[in-house]
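Architecture at a glance
What follows is the residue order along each chain.
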Amino acid sequence: MPLLYLLYLQTAALPKVVTRPEDVQYVSVLKATGLVEAEIAPASDPVGKYHVARTATVTRITEDGIVEINKLLEAPRRNARPLQIARNIARRPSLA
């Protein structure tokens, strides 16, 4: 699903603030793989106790992210279902 979220981000106005836990996780994966640049709220408190990050701000899609988007879009027949899922993600009210 992170790649589908990347497709959504392609059409979103950046910077994009993300607050849904699953979307924050997608952004975390996309950032870790170098497909987006993002600021993610610290996941640990000052004493080192782990907490799930609650917000992330995507600032841009990297060149590698654009390459990955193009790969997804070049195979429309194979990706018809994933692209429909990405469109549905974009329509979720919480992403507006």
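Structure first, text after, so check above.
Attention here is on the structure that accompanies the text.

Criteria and thresholds
Residues numbered from 1 in each chain as written. Predicted model: local features only at pLDDT ≥ 70, side-chain atom pairs only at ≥ 80, totals over all residues. Heavy atoms only, no water. Axes fitted to C-alpha atoms, helices over the stretch in contact; angles between N-to-C directions. Helix = DSSP H or I, 4+ residues; strand = E, 2+ residues; numbered from the N terminus. Parallel < 35°, antiparallel > 145°, perpendicular 65-115°, else oblique. Contact = heavy atoms within 4.5 Å. Nonpolar A, V, L, I, M, F, W, Y, C, P; charged D, E, K, R; others polar. Pairing = 2+ DSSP bridges. Core = buried A, V, L, I, M, F, W, Y, C linked by side-chain atoms within 4.5 Å. Buried < 20%, exposed > 50% of the residue type's maximum accessible area, 1.4 Å probe, protein only.

For the rest of this paragraph, the subject is the packing of helix H1 (residues 2-11) against helix H2 (residues 21-32). Interaxial distance between H1 and H2 falls to 9 Å at its minimum, and their mutual angle equals 95°. Comparing their axes, H2 and H1 come out roughly perpendicular. Contacts between H1 and H2 pair Pro 2, Tyr 5, Leu 6 and Leu 9 from the former with Asp 23, Tyr 26, Val 27, Val 29 and Leu 30 from the latter. Grouping the constituent residues of the contact of H1 with H2 by class yields eight nonpolar, no polar and one charged.

On to the sheet that holds strand S3 (residues 56-61), then. Across the sheet, three strands lie side by side as S1-S3-S2; this open sheet has antiparallel pairing. The strands lining the two open edges of the sheet, one partner per strand, are strand S1 (16-18) and strand S2 (36-40). Ignoring strand direction, the axes of neighbouring strands in this sheet form an average angle of 25°. The pairing of S1 with S3 spans three bridges and is classified as antiparallel. Looking at the pairing, Val 17 lines up with Thr 57 of S3. Each of S1, S2 and S3 touches H2; the most contacted strand, S2, lies at about 130° to it.

Bringing the nonpolar core into the picture now. Within soluble globular proteins, side chains that are nonpolar tend to cluster in buried spots. Tyr 5, Leu 6, Leu 9, Val 27, Leu 30 and Val 36 are the most contacted members of the largest nonpolar core, which totals 21 residues. Elements with a minimum of two residues in this core: H1, H2, S2, S3 and helix H3 (63-74). Per-element tally for this core: the top contributor is H1, with six residues.

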